[in-house]
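Below, each chain spelled out in residue letters.
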Amino acid sequence: MSLFPNVQFLVSAAQPGQFPADRGAEVAFAGRSNAGKSSAINAITQRHALARVSKTPGRTRLLNFFELAPGQRIVDLPGYGYAAAPEAERRTWAPLIGALRERQSLRGLVLIVDSRRGVGAEDENLIAWARASTRDSERPTEDQMRVHVLLSKADKLTRNEGAKALREAKAALGDSATVQLFSALGKVGIDEAQRVLQAWFAVARS
Ligand code: GDP
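Within each chain, residues carry numbers counting from 1 in the order of the written sequence. In keeping with the model being predicted, local features are shown solely for residues with a pLDDT of at least 70 and side-chain atom pairs are shown and tallied solely at 80 or more, while totals for entire chains, interfaces and linings include all residues. As a convention, hydrogens and water are excluded, and side-chain values are obtained from all of the structure's heavy atoms.

### Examining the packing of aromatic side chains
Going by this rule: Note on aromatic contacts: the rings of Phe and Tyr and the six-membered ring of Trp form a pair at centre separations within 6.5 Å, being stacked when their planes are under 30 degrees apart, edge-to-face when over 60 apart, and tilted otherwise. Elements are defined by DSSP. Helices are runs of H or I of four residues or more, strands are runs of E of two residues or more, and each kind is numbered from the N terminus. Burial classes: relative accessible area under 20% of the type maximum marks a residue as buried, over 50% as exposed, and values in between as partly exposed (1.4 Å probe, protein chains only).
Counted by the stated rule, this structure contains two aromatic pairs. Each ring, one from phenylalanine 19 and one from phenylalanine 65, has its centre 5.3 Å from the other, and the planes form 50 degrees; the classification is tilted. One end of the pair, phenylalanine 19, is in the loop between strand 1 (8-13) and strand 2 (25-31); the other, phenylalanine 65, is in strand 3 (residues 63-69), and 46 residues separate them in sequence. The exposure classification of phenylalanine 19 matches that of phenylalanine 65, with both residues buried.

Right, dumping it as structure tokens:
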């Protein structure tokens, strides 16, 4: 039986006014382009083509919302990295992501990092940004935005390399995020990632 039997695409948002109503719970997915984000979303939701929607022309720079169950959504953020985004593009999606961060329903951020690259400066910036939500500024650390890192494509690493990548990521992330090895292709860590998502959806947050 599928964990999320009624997944549906909701909307591609080009501006905050197009976001779904800020009720229920949602989890954002982010990562550098090509990190394996779409494959991770598909594996975790057990939908082979769900995240393909986000890759269709016209939608790649938008925030794509999917409903996994009533009141439970994921938000697929545009991939980042490579050449710095053109200024015009940054001007449109910086406010978009800024508005997402302040949403009541946002429970946390799943960050996909290629296990062979490890956690980089851009990933650390995104985590710092997520945790600097003004909504969270007066909350104790344990109540701030949760971040979980998937070290993706772990099938490309040997067991020793995987253990080393995990150790190094833990050292780089400290208390700012939890982290696990993951492979959509090799089916590594899918249950663990699903458990994190479900635990976050279950968190009551005001
Ligand atoms: P996105 O751009 O972050 O959404 O990444 P995609 O999910 O589209 O994956 C980018 C590339 O990495 C594709 O060629 C995938 O086939 C490959 N890829 C994704 N996940 C895995 C994985 O778990 N193992 C391996 N070996 N390759 C993967």
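### A few points about the environment of aspartate 175
Position of aspartate 175 among the secondary structure elements: in the loop between helix 4 (159-173) and strand 7 (178-181). Spatially, the C-alpha atom of aspartate 175 lies 9.8 Å from that of valine 147, the residues being 28 residues apart in sequence.

### Focus on the site of the ligand
Where we set the bar: The cutoff for a nearby residue is simple: one of its non-hydrogen atoms must lie within 4 Å of the molecule or strand. Two N or O atoms count as a polar contact when they lie within 3.5 Å, although within protein this holds only if one can serve as hydrogen donor and the other as acceptor, and sequence-adjacent residues are included solely when both atoms are side-chain atoms. Here the accessible surface of atoms and residues is derived via Shrake-Rupley with a 1.4 Å probe, and residues count as covered only by protein chains that are part of the display. All residues other than Ala, Val, Leu, Ile, Met, Phe, Trp, Tyr, Cys, Pro, Asp, Glu, Lys and Arg, Gly among them, are scored as polar; the first ten of these are nonpolar and the last four charged.
Taken together, 14 residues form the shell around the ligand, and within it Lys37, Ser38, Ser39, Lys55 and Asp155 come nearest. Lysine 37 is positioned such that a nitrogen or oxygen atom in its backbone is 2.8 Å from an oxygen atom of the ligand. One of the side-chain N or O atoms of serine 39 is found 2.6 Å from an oxygen atom in the ligand. The protein chains hide 74% of the 580 Å² of surface that the ligand would expose on its own. Split into classes, the residues belonging to the shell around the ligand amount to three nonpolar, five polar and six charged.

### Focus: the layout of surface pockets
Cut-off, in case you're wondering: A pocket here means an open set of points on a 1 Å grid, computed over the protein atoms alone, that has protein on both sides within 12 Å along at least five of seven lines. A cavity is instead a set of points where a 1.4 Å probe fits but cannot get out; residues with an atom within 4 Å of a point line either one. Grid points are joined across faces, edges and corners, and a volume is the space filled by probe spheres set on the points.
If you add up the space inside the second largest pocket, you get close to 310 Å³. Along the wall of the second largest pocket there are 20 residues; nearest its centre are Ser33, Asn34, Lys37, Ser38 and Lys55. Tallying contributions element by element places helix 1 (residues 37-45) first for the lining of the second largest pocket, with three residues. Class assignment for the residues of the lining of the second largest pocket results in four nonpolar, nine polar and seven charged.

### Here's the deal with the pairing of strand 6 (residues 146-152)
What counts, and what does not: Two strands are counted as paired when DSSP detects at least two bridges linking them.
Among the seven residues that make up strand 6, six are buried, leaving the element largely enclosed by the rest of the structure. As defined by bridge partners, strand 6 adjoins strand 7 across four bridges and the pair is classed as parallel. In the strand pairing of strand 7, valine 149 is matched with valine 179.

### Quick look at the sheet that holds strand 2
For the record, the criterion: The convention used is that axes are lines fitted to C-alpha atoms, helices contributing only their stretch in contact, and that angles between N-to-C directions extend from 0 to 180 degrees. In what follows, residue pairs with any heavy atoms lying within 4.5 Å of each other are defined as contacts.
Taken in spatial order, the seven strands make up an open sheet running 1-3-4-2-5-6-7, and their pairing is mixed. Each edge of the open sheet carries a strand with a single partner, namely strand 1 and strand 7. Ignoring which end each strand starts from, the neighbouring axes of this sheet average 20 degrees apart. Helix 3 (residues 121-131) contacts strand 2, strand 5 (106-114) and strand 6 of the sheet and is inclined by roughly 175 degrees relative to strand 5. Set on the sheet, helix 4 makes contact with strand 6 and strand 7; between it and strand 7 the angle comes to about 170 degrees.

### Some words on unusual backbone geometry
Positive phi values are uncommon outside glycine, yet lysine 153 reaches one of about 60 degrees. The topology assignment puts lysine 153 in the loop between strand 6 and helix 4. In this structure, lysine 187 is a non-glycine residue whose phi angle is positive, near 55 degrees. Within the secondary structure layout, lysine 187 lies in the loop between strand 7 and helix 5 (190-202). Take lysine 187: its relative accessible area is 64%, and that puts it in the exposed class.

### Re helix 4
Our working definition: Here the expected span of a helix is defined as 1.5 Å times the quantity of residues minus one. This arc is taken over the directions from the axis of the helix to the C-beta atoms.
Compared with the 21 Å implied by 1.5 Å per residue over 15 residues, the 21 Å span of helix 4 between its first and last C-alpha is a close match. Turning to helix 4, its buried residues are Gly162, Ala165, Ala169 and Leu173. The buried residues of helix 4 occupy an angular sector of 60 degrees when projected down its axis, which confines them to one face. More than 90 degrees from the buried face of helix 4, the exposed residues found are Asn160, Arg167 and Ala171. Buried residues in helix 4 make contact with helix 3, strand 6 and strand 7. Positive phi appears at glycine 174, one or two residues downstream of helix 4, with a value of about 55 degrees.

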